[in-house]
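Each chain, written out:
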Protein chains: 2
Amino acid sequence: MIKNKSLTTRDIIFQASVELFSSKGYHGTSIRDITGKVGIKESSLYNHFIGKEAILDAIMDYQMDVFNKAVKALEKLKFTDADNITDPVKFWMTGADEFLKYMDPLSELITQILINEMFLNQKCRQFYLNTMLLSQKKLVKTIFTEMRRKGMIKDCDIEKTASQYVYMLQGLEIENKLRAMEGEKTGKIQKHLFEQITLFIQGMKK
Amino acid sequence: MIKNKSLTTRDIIFQASVELFSSKGYHGTSIRDITGKVGIKESSLYNHFIGKEAILDAIMDYQMDVFNKAVKALEKLKFTDADNITDPVKFWMTGADEFLKYMDPLSELITQILINEMFLNQKCRQFYLNTMLLSQKKLVKTIFTEMRRKGMIKDCDIEKTASQYVYMLQGLEIENKLRAMEGEKTGKIQKHLFEQITLFIQGMKK
DNA sequence: GTCTATAACTCGATAGAC
DNA sequence: GTCTATCGAGTTATAGAC
């Protein structure tokens, strides 16, 4: 959607809603906020979405698509490019990059919306649990299984270890995002993230 | 506050607000919701709080107090009761229990409010980063340091490992809370939590 | 400290002209 | 598909009687 330069009004409403919902919250964002940002009147919005909730539904459909594509792609991947890599940290980073290809800035904001709403909205809660968290665990498990097959990491409960990794990464990313919002330098944040990932993967080394 | 049976109107408003903010969100909760639950008229609320935001401020002050007390108590603790414990997992659980003494059901709900609001409200974001997350890391570090001193765990970067533990526990607790809201049985949830903590602490064993 | 009454405003949504 | 105009309900907050 982002690559397409001829955006429809619906697309522009969608994008503006993602930005506003993520920064002001779903309840904190009014139809007036959205249409004001888009440059149309409130009533015009109803030609594209039947109501405010329909926008949130569309946002979750979009995110579901992103994750489904990423999971499918990584499961098909043969890791042939990484055949010559023996260092687990390097191998991990290669796999993680493959996944990040499917994430766009919109997806990142949608994740933020889901965290904002998961305790408040059942649809968001179920999506977070059954799609987002599940996909992330699947993706991590896929790479860990491949690393185990290659004998790069020691024997462990891959299911539980993948869960731990997802929780850790989520915690790190939330903290980093919040620190960035508070004006902390991204360089320091990136370094911190890399160090923590390295520590985790090295702990799995043989 | 909970133990005191002669609650003031202000206390009842406070408690009702915590419950409503955590389940419906700050923006999703109206003054009418709060006063309706308390059993007073909207206007009466303004005799106890200057406005809606002042209630949220009071909630954060309360949580700050809870964490400050927990950190102070654990830092003073001499771990004498745990002298005869040699198993790291058992030692850890004893220390974690000490911390849990200071948490009440209200504190748990306030944590939920903070997660809901951390991306939306700067005061909540700063409180989450500088008080809650920092206190939790301090608490974990205190116990890990004691375990290291006793030679129960291998040499490691305690600062980073404590961060990883906090992230993991937070991720687990969020997922568990969400699953409980979706009707999953608490027994299964508790078992899962215990297994993950055990796996983490055992990974630190000598 | 509680109440009634109400101000002043914003909310999501609709009807109907163009 | 956009607009103007408007609705009814809900929002925080205040004034003033008791």
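Residues numbered from 1 in each chain as written. Chains lettered and ligands numbered in written order. Predicted model: local features only at pLDDT ≥ 70, side-chain atom pairs only at ≥ 80, totals over all residues. Heavy atoms only, no water.

Student: Please provide a residue-by-residue account of the overall build of chain A, values included.
Tutor: Helix and strand content of chain A: nine helices and zero strands. Counting helices and strands in the order they occur from the N terminus, chain A gives α-α-α-α-α-α-α-α-α. Once the C-alpha set of chain A is aligned to its principal axes, its extents read approximately 60 × 35 × 35 Å. Scored against the burial criterion, the 206 residues of chain A give a buried share of 49%. Pairs at least 24 residues apart make up 71% of the contacts formed inside chain A by residues separated by at least 6 positions. Across chain A, the centroid of the 31 positively charged side chains sits 2 Å from that of the 26 negatively charged ones. (Helix = DSSP H or I, 4+ residues; strand = E, 2+ residues; numbered from the N terminus. Buried < 20%, exposed > 50% of the residue type's maximum accessible area, 1.4 Å probe, protein only. Contact = heavy atoms within 4.5 Å. Lys, Arg positive; Asp, Glu negative; His and termini not counted. Charge placed at Lys NZ, Arg CZ, Asp CG, Glu CD.)

Student: Residues and numbers for the protein's contact with DNA strand C, please.
Tutor: The immediate surroundings of DNA strand C are formed by 15 residues, with Ile31 of chain A together with Lys41, Ser43, Asn47 and His48 of chain B found nearest. Take Lys52 of chain A: an N or O atom from its side chain is 3.0 Å from a phosphate oxygen of DNA strand C. Between Ser44 of chain B and DNA strand C, the recorded distance is 2.9 Å, taken from a side-chain N or O atom to a phosphate oxygen. Of all the elements in the fold, those that place two or more residues in the surface near DNA strand C are α2 (31-38) of chain A together with α3 (42-45) of chain B. Across the surface near DNA strand C, the residue classes tally to three nonpolar, nine polar and three charged. (Near = heavy atom within 4 Å. Polar contact = N/O pair within 3.5 Å; in protein donor to acceptor, adjacent residues only side chain to side chain. Nonpolar A, V, L, I, M, F, W, Y, C, P; charged D, E, K, R; others polar.)

Student: Could you give me a rundown of helix α9 (residues 186-202) of chain A, with the residues and numbers involved?
Tutor: Along its 17 residues, α9 of chain A runs 24 Å from first to last C-alpha, staying within 8% of the 24 Å computed at 1.5 Å per residue. Here α9 of chain A has its buried residues at Ile189, Leu193, Gln196, Ile197, Thr198, Phe200 and Ile201 of chain A. If you follow the buried residues of α9 of chain A, they end up packed against α5 (88-100), α7 (122-149) and α8 (158-181) of chain A together with α8 (158-181) of chain B. (Expected span 1.5 Å × (residues − 1).)

Student: Explain the relation of the copies chain A and chain B residue by residue, including any values.
Tutor: The operation relating chain A to chain B is a screw motion whose rotation component is 180°, with 0.0 Å of axial translation and a residual RMSD of 0.1 Å. As the rotation angle and translation indicate, the two copies are arranged about a two-fold axis. A share of 100% of the interface residues of chain A reappears at the interface of chain B, consistent with the copies meeting face to face through the same patch. (Least-squares fit on C-alpha atoms with pLDDT ≥ 70 in both.)

Student: Which residues make up the packing of helix α1 (residues 9-24) of chain B against helix α6 (residues 105-117) of chain B, and what values do they have?
Tutor: All names here are of chain B. Close contact between α1 and α6 brings their axes to 8 Å; oriented N to C, the two are set at 45°. Considering the angle they form, α1 stands oblique to α6. The crossing of α1 and α6 is left-handed. Packed against α1, whose contacting residues are Phe14, Gln15, Val18, Glu19, Phe21 and Ser22, the element α6 presents Leu106, Leu109, Ile110, Gln112, Ile113 and Asn116 at the interface. The residue inventory of the contact of α1 with α6, partitioned by class, reads seven nonpolar, four polar and one charged. (Axes fitted to C-alpha atoms, helices over the stretch in contact; angles between N-to-C directions. Parallel < 35°, antiparallel > 145°, perpendicular 65-115°, else oblique. Left-handed = near helix turned anticlockwise from the far one by under 90°.)

Student: Help me get a handle on the protein's contact with DNA strand D, residues and values and all.
Tutor: Around DNA strand D, the structure places 15 residues, and the nearest of them are Lys41, Ser43, Asn47 and His48 of chain A together with Arg32 of chain B. Within the side chain of Ser43 of chain A, one N or O atom sits 2.7 Å away from a base oxygen of DNA strand D. Interatomic distance of 3.2 Å between a side-chain N/O atom of Tyr46 of chain B and a phosphate oxygen of DNA strand D. Here the surface near DNA strand D is composed, by residue class, of three nonpolar, nine polar and three charged.

Student: Give me the lowdown on unusual backbone geometry, citing residues and values where you can.
Tutor: Residues and elements named next belong to chain A. Although it is not a glycine, Phe79 sits at a positive phi angle of roughly 55°. Looking at the secondary structure, you find Phe79 in the loop between α4 (52-76) and α5. Note on Phe79: relative accessible area 7%, which makes it buried.

Student: Could you give an account of the interface of chain A and chain B, naming the residues involved and the relevant values?
Tutor: Contact with chain A, which involves 42 residues of that partner, is made by 42 residues of chain B. Both sides together, the interface formed by chain A and chain B hides about 3,700 Å², and carbon and sulfur atoms give 63% of it. Counting the contacts that link chain A with chain B gives six salt bridges. Linking Glu195 of chain B and Lys160 of chain A is a salt bridge whose minimum nitrogen-to-oxygen distance equals 3.3 Å. Summed over the shared surface of chain A and chain B, the number is 12 residue pairs in polar contact (both at pLDDT 80 or more). (Buried area = accessible area lost by both parts, 1.4 Å probe. Salt bridge = Lys/Arg side-chain N within 4 Å of Asp/Glu carboxyl O.)

Student: Run through the nonpolar core, naming residues and quoting values.
Tutor: Ranked by internal contacts, the top residues of the largest apolar core, which has 126 residues, are Trp92, Phe144 and Ile201 of chain A together with Trp92, Phe144 and Ile201 of chain B. In terms of residue count, helix α4 (residues 52-76) of chain B provides more of this core than any other element does, 12 residues in total. Not counting the four nearest positions on each side in its chain, Ile201 of chain B is found in contact with Pro88, Val89, Trp92, Phe144, Met147 and Tyr165 of chain B. (Core = buried A, V, L, I, M, F, W, Y, C linked by side-chain atoms within 4.5 Å.)

Student: If you had to explain the packing of aromatic side chains to someone new, which residues and values would you point to?
Tutor: All names here are of chain A. In this structure the tally under the stated criterion is 15 aromatic pairs over all chains. Aromatic side chains Trp92 and Phe144 sit 5.1 Å apart centroid to centroid with 45° between the ring planes, which places their arrangement in the tilted category. Note that Trp92 is positioned in helix α5 and Phe144 in helix α7, a separation of 52 residues in sequence. Of the two residues examined, Trp92 and Phe144, each falls in the buried class. Three or more aromatic residues link up through ring pairs in this structure, and these residues are Trp92, Phe144, Tyr165 and Phe200. Over the aromatic face of Tyr26 sits the side chain of Lys52, whose NZ or CZ is 4.5 Å from the ring centroid. (Phe/Tyr/Trp six-rings, centres within 6.5 Å; stacked < 30°, edge-to-face > 60°. Lys NZ or Arg CZ within 6 Å of the ring centre and 35° of its normal.)

Structural measurements only, silent on function.
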